[in-house]
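Examining the three-dimensional arrangement
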Amino acid sequence: MYDNYVKYGDNEFLKKLKKTYLENNKSWHATIELTYRCNFNCKHCYCTRNATQELNFAEIENLAVQLKKLGVVSLTLTGGEALIREDIYEILSMLNKYGFIITLFSNGYLIDSNVAKKLKNNGVTCVEISIYGATNSTYSEVTGAIDGYDKLLRAYKSLKEQNILVINKAIMLKINTNEFKEMLKLGKANGLLKTKFDPVIFPKLNHDKTPQDFICTTKQMYKLFYRCLEKSDIIFDQKKFYEKICSIGGSIVINPYGDVLPCTAFSMSVGNIRNDNLTDIWEYSPELNKLRKLKIKHFEECSKCDCYDFCNICPALFYMENNSLTIPAKTLCEVTKIKKKAYKDKFNL
């Protein structure tokens, strides 16, 4: 993700905590995808719904107990749109009683003053909101919601009233980049930390690549990187040949049907909590243990690439595009080349 004007403050303790957890195959964080249902119909969405029954309240509470035993302290709740779950506030209240630090991912459409108050009262400390444009017409084109922008502004106001932390994610597509400056200004004005953008679009969880039809053009992406990249975004001396490739194995993801996934964009199920104990899946899954052992040295083609220092190597995207963990994803290669050119041009390298 690439950030605009306002940066997170570095938290060395949190970094060390995450590193310690990861090195010991422990998870400090988990993501629960409560539903793939949504009140938006976004052109680029990766979620695929099926006829399987979603986890019910009792199953989610049992999951919470198992997560506590694994040492998880932070939870992200997402979807789809998590707020359309009929039992969302019962779920939040229960998770709050177990002492989790709760972040909610939302499109903001349903958040008014009443909803924001309920979120606050049930332990939500942060809401990450996806921004799809800076006008109702663009929102309609991207999401199908004719008043999505107006509802976004209402959500900002309501969350501010409850002093809930807001993080903004600008979803950049070829059909909304003309409003990029306005989206950044909007995020800066209403987010307490920063606005993030990511031009990489993943295939659907069933490997359907049609969402990638909406990726920004080369020219659009160059402008995005040129405007937002800072020198601190490229750290040339931190990629060690024997380092782990990413944080897979450090964060647990459970989808609406109980499947345990390596990350939210990774469709490979490593087990299901309806069939097995989560601790057993976490510790003994052969697929997950294979992913944990992936290091930069296993990505031979990537490590020899002249864009290597600019690339966020992503086994999930490789798998979703190529059914392989180590064959580079064409999408990521193209994005990285553009990022490198923008960086070199901007800083006269």
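Note that this is a predicted model, so its numbers are computed, not measured. (Residues numbered from 1 in each chain as written. Predicted model: local features only at pLDDT ≥ 70, side-chain atom pairs only at ≥ 80, totals over all residues. Heavy atoms only, no water.)

Focus: the confidence of the model for the chain
- Looking at the chain as a whole, its pLDDT mean stands at 87, while 87% of the residues score no less than 70.
- Here residues 1–10 is modelled with pLDDT under 50, and outside its nearest four sequence neighbours on either side it reaches 32 contacts, counting other chains as well. (pLDDT = per-residue confidence, 0-100. Contact = heavy atoms within 4.5 Å.)

Notes on the pairing of strand S4 (residues 101–106)
- As defined by bridge partners, strand S3 (residues 74–78) adjoins S4 across four bridges and the pair is classed as parallel. Its bridge partner lying in S4, leucine 77 is registered against leucine 104.
- Following the chain from S3 across helix H3 (residues 88–97) to the adjacent parallel S4, one finds a crossover that is right-handed.
- As judged from the five bridges shared by S4 and strand S5 (residues 124–131), these two strands associate in the parallel manner. Across the sheet, the residue bridging to threonine 103 is cysteine 126, located in S5.
- Handedness of the β-α-β unit built from S4, helix H4 (residues 113–121) and S5 comes out right-handed. (Pairing = 2+ DSSP bridges. Helix = DSSP H or I, 4+ residues; strand = E, 2+ residues; numbered from the N terminus. Right-handed = clockwise from strand over helix to strand, strands pointing away.)

Digging into the pattern of salt bridges
- Applying the stated criterion to the full structure yields 10 salt bridges.
- The salt bridge partner of arginine 37 is glutamate 86, with a shortest N-O separation of 3.7 Å. With arginine 37 in the loop between strand S2 (29–33) and helix H2 (57–69) and glutamate 86 in the loop between S3 and H3, this pair connects stretches of sequence that are 49 residues apart.
- Using a relative accessible area of 27% as the deciding quantity, one classes arginine 37 as partly exposed.
- Owing to a relative accessible area of 65%, glutamate 86 belongs among the exposed residues under this scheme.
- The closest approach of N and O atoms between aspartate 147 and lysine 151, which form a salt bridge, is 3.2 Å.
- For aspartate 147, a relative accessible area of 22% puts it in the partly exposed group.
- For lysine 151, a relative accessible area of 19% corresponds to the buried category.
- Look at the salt bridges and you will find they share partners, linking Arg37, Glu54, Arg85, Glu86 and Asp87 into a network. (Salt bridge = Lys/Arg side-chain N within 4 Å of Asp/Glu carboxyl O. Buried < 20%, exposed > 50% of the residue type's maximum accessible area, 1.4 Å probe, protein only.)

Some thoughts on the environment of lysine 293
- Take lysine 293: it is sitting in the loop between helix H10 (286–292) and helix H11 (300–303).
- Along the primary structure lysine 293 and isoleucine 245 are separated by 48 residues, whereas in three dimensions their C-alpha atoms are 8.7 Å apart.

Quick notes on the packing of aromatic side chains
- For the structure shown, the criterion picks out nine aromatic pairs.
- A centroid spacing of 5.4 Å and a plane angle of 75 degrees characterise the contact between phenylalanine 310 and tyrosine 343, whose relative ring orientation is edge-to-face. Of this pair, phenylalanine 310 sits in the loop between H11 and helix H12 (315–322) while tyrosine 343 sits in helix H13 (residues 330–346); the two residues are 33 residues apart in sequence, bridging distant segments of the chain. Both residues of the pair, phenylalanine 310 and tyrosine 343, count as buried.
- Ring centres 4.9 Å apart and planes at 55 degrees place the aromatic pair tyrosine 343 and phenylalanine 347 in the tilted group.
- Linked through ring pairs, Phe40, Tyr109, Tyr132 and Tyr139 together constitute an aromatic cluster.
- Sitting above the plane of the phenylalanine 100 ring, lysine 68 keeps its charged end 5.1 Å from the centroid.
- The ring of tryptophan 282 carries the charged tip of arginine 292 above its face, separated from the ring centre by 4.5 Å. (Phe/Tyr/Trp six-rings, centres within 6.5 Å; stacked < 30°, edge-to-face > 60°. Lys NZ or Arg CZ within 6 Å of the ring centre and 35° of its normal.)

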